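Descriptive analysis of the structure
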Amino acid sequence: MKESTSADVAALRARIAPGVATVLKKAVQLGFLGGMPIGDQMDHALGFVYCVEMALGRPPRSLVDLGSGGGVPGLVLASCWPDSRVVLLDSNERRTAFLAAEAAVLFSGRPVEVVRSRAEDAGREDMYRGAFELVTARSFGTPAVVAECGAPFMSEHGVLVVSEPPGDQSEARWPNRGLSELGMSAGASVRFDDRFGYQVLRKIGETPARFPRRVGIPSKRPVF
């Protein structure tokens, strides 16, 4: 288990553009985010930044955020990594319309793309498959669903960072036997700001062409 320091947290908070909080407040009002205070939601998003920069030693060149919803962690990640290609993926029309409009203002001229699609479908498209050094997932699904839907997007030696439930970061959640079937292995478990937990997964080989399976199957017949 790796943990952040108070200095890490303070330094990361300073990297968020002021406009991000305003957009997230709008998302809460529209019902796109839960009731956690905005400051806490942004701190939780910063945990992804901490995990990734620890795993890669630098910002990622490209990332896709699965189930971006109201913009957490995607908008925070885009703010902290201005030189990264960012794709915010969500299947809901209202949420993606909101994200596209707000991202166009927040990140004018930046490579921030909002895509409305199911992950099972987008992960089979040539423009997205194997195209991202980083995949992130917050409240996206069970470990097996996140792994199957996330692995196809990952480039060689890429990482997937998943938000973990409070107090539940057991090794049994991410069995290497199941992950290896998808071309991944479990990396470090991380605590950020002594409040939030994350699991890092690493790409170690090709994801077989049969993954992801069609919409709904990853949850009905999980790979582990």
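Provided above is the structure to which this section pertains.
Conventions and cut-offs
Residues numbered from 1 in each chain as written. Predicted model: local features only at pLDDT ≥ 70, side-chain atom pairs only at ≥ 80, totals over all residues. Heavy atoms only, no water. Helix = DSSP H or I, 4+ residues; strand = E, 2+ residues; numbered from the N terminus. Rg over C-alpha atoms; globule rule 2.2 N^0.38 Å. Buried < 20%, exposed > 50% of the residue type's maximum accessible area, 1.4 Å probe, protein only. Contact = heavy atoms within 4.5 Å. Areas by Shrake-Rupley, 256 points an atom, 1.4 Å probe, with all protein chains shown as cover. Lys, Arg positive; Asp, Glu negative; His and termini not counted. Charge placed at Lys NZ, Arg CZ, Asp CG, Glu CD. 1 Å grid on protein atoms, 1.4 Å probe; cavity = no way out; pocket = protein on both sides within 12 Å on 5 of 7 lines; lining within 4 Å. Points joined across faces, edges and corners; volume = space filled by probe spheres on them. Nonpolar A, V, L, I, M, F, W, Y, C, P; charged D, E, K, R; others polar. Phe/Tyr/Trp six-rings, centres within 6.5 Å; stacked < 30°, edge-to-face > 60°. Salt bridge = Lys/Arg side-chain N within 4 Å of Asp/Glu carboxyl O. Right-handed = clockwise from strand over helix to strand, strands pointing away. Pairing = 2+ DSSP bridges.

**Observations regarding the overall build of the protein chain**
When helices and strands are counted, the protein chain shows nine helices and eight strands. A compact globule built from 224 residues would reach a C-alpha radius of gyration of about 17 Å, and the protein chain, at 16 Å, matches this within 12%. Principal-axis analysis of the C-alpha atoms places the extent of the protein chain at approximately 40 × 35 × 30 Å. For the protein chain, the residues scored as buried account for 54% of the 224 residues in total. A separation of at least 24 residues holds for 73% of the contacts in the protein chain among residues at least 6 apart in sequence. Carbon and sulfur atoms provide 50% of the accessible area of the protein chain, an area that totals close to 9900 Å². Both charge centroids of the protein chain, one from 27 positive and one from 25 negative side chains, sit 3 Å from each other.

**Quick notes on the layout of surface pockets**
Of the pockets and cavities examined, the largest pocket occupies roughly 390 Å³. Forming the boundary of the largest pocket are 25 residues, of which Leu66, Gly67, Asp90, Ser139 and Phe140 lie nearest the centre. If you list the elements that add at least two residues to the lining of the largest pocket, you get strand E3 (85-90), helix H6 (119-122), helix H7 (143-150) and helix H9 (217-220). When its residues are assigned to classes, the lining of the largest pocket shows ten nonpolar, ten polar and five charged. Taken as a whole, the second largest pocket encloses approximately 260 Å³ of empty space. Taken together, 21 residues form the lining of the second largest pocket, with His44, Ser139, Ser163, Glu164 and Pro165 sitting closest to its centre. When contributions to the lining of the second largest pocket are tallied by element, the ones reaching two or more residues are H7, strand E6 (154-164) and strand E8 (196-203).

**What about the environment of Leu30?**
By the secondary structure assignment, Leu30 is in the loop between helix H2 (18-29) and helix H3 (38-56). Placed 77 residues apart in sequence, Leu30 and Phe107 show a C-alpha to C-alpha distance of 21 Å.

**Section: the packing of aromatic side chains**
Both the distance between ring centres and the angle between the ring planes are used here to describe each pair of aromatic rings. The full count for this structure, using the stated rule, is five aromatic pairs. Plain terms: the ring middles of Phe48 and Tyr198 are 5.1 Å apart, the flat faces sit at 75° to each other, and that makes the pair edge-to-face. Residue Phe48 is found in helix H3, and its partner Tyr198 is found in strand E8; the two are separated by 150 residues along the sequence. Here the two residues Phe48 and Tyr198 agree in accessibility, since each one is buried.

**Side note on the pattern of salt bridges**
Under the counting rule described, the total for this entry stands at 15 salt bridges. One salt bridge in this structure joins Asp43 and Arg13, with 2.8 Å as the shortest N-O distance. Here Arg13 lies in helix H1 (residues 6-13) and Asp43 lies in helix H3, a separation of 30 residues in the sequence. Judged by relative accessible area, Asp43 falls into the buried class, the value being 6%. Exposure remark for Arg13: the relative accessible area of 43% places this residue in the partly exposed category. Measuring nitrogen to oxygen at the nearest pair gives 3.9 Å for the salt bridge that ties Glu113 to Arg85. Here the residue Glu113 occupies a position in strand E4 (residues 112-116), and Arg85 occupies one in strand E3, the gap between them amounting to 28 residues.

**Remarks on the pairing of strand E2 (residues 62-66)**
Where burial is concerned, most of E2 is hidden: five out of the five residues are buried. Taking every second residue as pointing to the same face, both faces of E2 are buried, with Ser62, Val64 and Leu66 on one and Leu63 and Asp65 on the other. Chirality of the crossover, the property in question, places the unit of E2, helix H4 (residues 74-80) and E3 among those that are right-handed. Pairing of E2 with strand E5 (residues 132-137) involves four bridges; the strand directions are parallel. Paired with Leu63 across the two strands is Leu134, which belongs to E5.

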